[in-house]
Amino acid sequence: FFVTLASRLFTFSFLIRSSQFILSGLTATLPVAGLLFSFTQTAGVITLLAIGKYLIHGLPLTLWIPTLLATLSWSVSSTPTKRFNALFDCCINVLLPLTCLMLFVTHPQGGPAFVYSFYWLLPPAIWALRAAGNKNLFLISLQSTFVAHAAGSIIWLYTIPMNATQWTMLIPLVAIERLTIAGCSTLFAYGLHHLPRTIDCTNLIGTPRSP
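A brief look at the structure comes next.

Brief notes about the overall build of the protein chain
Next up, step 1: In terms of regular secondary structure, the protein chain is built from 9 helices and 2 strands.
Next up, step 2: Across the protein chain, helices and strands are ordered from the amino to the carboxyl terminus as α-β-β-α-α-α-α-α-α-α-α.
Next up, step 3: A buried classification covers 45% of the 211 residues belonging to the protein chain.
Next up, step 4: A separation of at least 24 residues holds for 69% of the contacts in the protein chain among residues at least 6 apart in sequence.

Written as structure tokens, this is what we have:
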């Protein structure tokens, strides 16, 4: 877990047209902690980290809510056969993104840019693929990052003034940003899986955990 915290020191910076994206390594690595902890443990760990960040640097506008949801998405996706996890799996990866989609398209500025919210159909689609037996780590990572994106976008939509044109312009940039995060998260998850045997990472391949 200290590796995850250390990743905060690394950032990804790239230019797309006139926009610059700076992504912290923490964005890609912290949600993967959901593979190592149960649902309740994950919520506790992220809450403690958020409190620590608040005491040192203050909290961002999103209050770490997207990060918490992304991490919980990993957690419930790794052991969906547990009744408790199956319920929250559906809530986080299906109901939440669809609710965010409805909140976006019914907003005065979000409605004209409704295509932007179509990204949030990916988590429910991936949830359905997992229910059919697909356990691909990249898909789980993609699901997680778009759950975070849905929550973060709604918080931003209702707190920061942006017009429909600005939201529409972000559509191609979001694809690059989220694919980058998903790819890095997947590599980090595989890296954890190949750590020395002294660290138990068997949960990465779906070994049941107690919630």
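Anyway, onward from the coordinates.
Some points on the pattern of salt bridges
Next up, step 1: Scanning all chains against the criterion turns up 2 salt bridges.
Next up, step 2: A salt bridge links Asp 89 to Arg 130; the nearest nitrogen and oxygen atoms lie 2.6 Å apart. Remark: Arg 130 occurs in helix 6 (residues 122-131) and Asp 89 occurs in helix 5 (residues 83-105); sequence separation between them is 41 residues. Arg 130 shares its class with Asp 89; the two are buried.
Next up, step 3: The salt bridge partner of Glu 177 is Arg 178, with a shortest N-O separation of 3.1 Å.
Next up, step 4: Overall, Glu 177 belongs to the buried group, its relative accessible area being 13%.
Next up, step 5: Judged by its relative accessible area of 12%, Arg 178 falls in the buried class.

Let's talk about a nonpolar patch on the surface
Next up, step 1: Taken together, the side chains of Leu 98, Phe 114, Val 115, Phe 118 and Leu 121 define a hydrophobic patch exposed on the protein surface, amounting to about 410 Å² of accessible area.
Next up, step 2: Among the structural elements, Leu 121 can be located in the loop between helix 5 and helix 6.
Next up, step 3: Of the residues examined, Leu 121 reaches a relative accessible area of 40% and is grouped as partly exposed.

Here we look at the packing of helix 4 (residues 65-78) against helix 7 (residues 137-157)
Next up, step 1: Where helix 4 contacts helix 7, the axes come no closer than 8 Å and their chain directions differ by 150°. With respect to helix 7, the axis of helix 4 lies roughly antiparallel. The handedness of the crossing between helix 4 and helix 7 is right-handed. Contacts between helix 4 and helix 7 involve Ile 65, Pro 66, Leu 69, Ala 70, Ser 73, Trp 74 and Ser 77 from the former and Leu 137, Ile 140, Ser 141, Gln 143, Ser 144, Val 147, Ala 148, Ala 151, Gly 152 and Ile 155 from the latter.
Next up, step 2: Within the contact of helix 4 with helix 7, the residues separate by chemical class into 11 nonpolar, 6 polar and no charged.

So, the environment of Ser 75
Next up, step 1: Inspection of the secondary structure puts Ser 75 in helix 4.
Next up, step 2: For the pair Ser 75 and Leu 36, spaced 39 residues apart in sequence, the C-alpha to C-alpha distance is 7.7 Å.

What to know about the packing of aromatic side chains
Next up, step 1: Here the structure, examined in full by the defined rule, presents 8 aromatic pairs.
Next up, step 2: Here Phe 104 and Tyr 116 contribute two aromatic rings whose centre-to-centre distance is 5.3 Å and whose plane-to-plane angle is 20°, an arrangement assigned as stacked. Here Phe 104, found in helix 5, pairs with Tyr 116, found in the loop between helix 5 and helix 6; they are 12 residues apart in sequence, far enough to count as distant. Just as Phe 104 is buried, Tyr 116 falls in that class too.
Next up, step 3: Seen from their ring centres, Tyr 116 and Trp 120 are 5.9 Å apart, and the 90° between their planes marks the pair as edge-to-face. Each member of the pair, Tyr 116 as well as Trp 120, carries the same accessibility label: buried.
Next up, step 4: Here the aromatic cluster, defined as three or more aromatic residues joined through ring pairs, consists of Phe 104, Tyr 116, Tyr 119, Trp 120, Phe 146 and Trp 167.

Rules behind the numbers
- Residues numbered from 1 in each chain as written.
- Predicted model: local features only at pLDDT ≥ 70, side-chain atom pairs only at ≥ 80, totals over all residues.
- Heavy atoms only, no water.
- Helix = DSSP H or I, 4+ residues; strand = E, 2+ residues; numbered from the N terminus.
- Buried < 20%, exposed > 50% of the residue type's maximum accessible area, 1.4 Å probe, protein only.
- Contact = heavy atoms within 4.5 Å.
- Salt bridge = Lys/Arg side-chain N within 4 Å of Asp/Glu carboxyl O.
- Patch = residues over 30% accessible without salt bridge, like charges linked within 9 Å, V, L, I, M, F, W, Y side chains within 5 Å.
- Areas by Shrake-Rupley, 256 points an atom, 1.4 Å probe, with all protein chains shown as cover.
- Axes fitted to C-alpha atoms, helices over the stretch in contact; angles between N-to-C directions.
- Parallel < 35°, antiparallel > 145°, perpendicular 65-115°, else oblique.
- Left-handed = near helix turned anticlockwise from the far one by under 90°.
- Nonpolar A, V, L, I, M, F, W, Y, C, P; charged D, E, K, R; others polar.
- Phe/Tyr/Trp six-rings, centres within 6.5 Å; stacked < 30°, edge-to-face > 60°.

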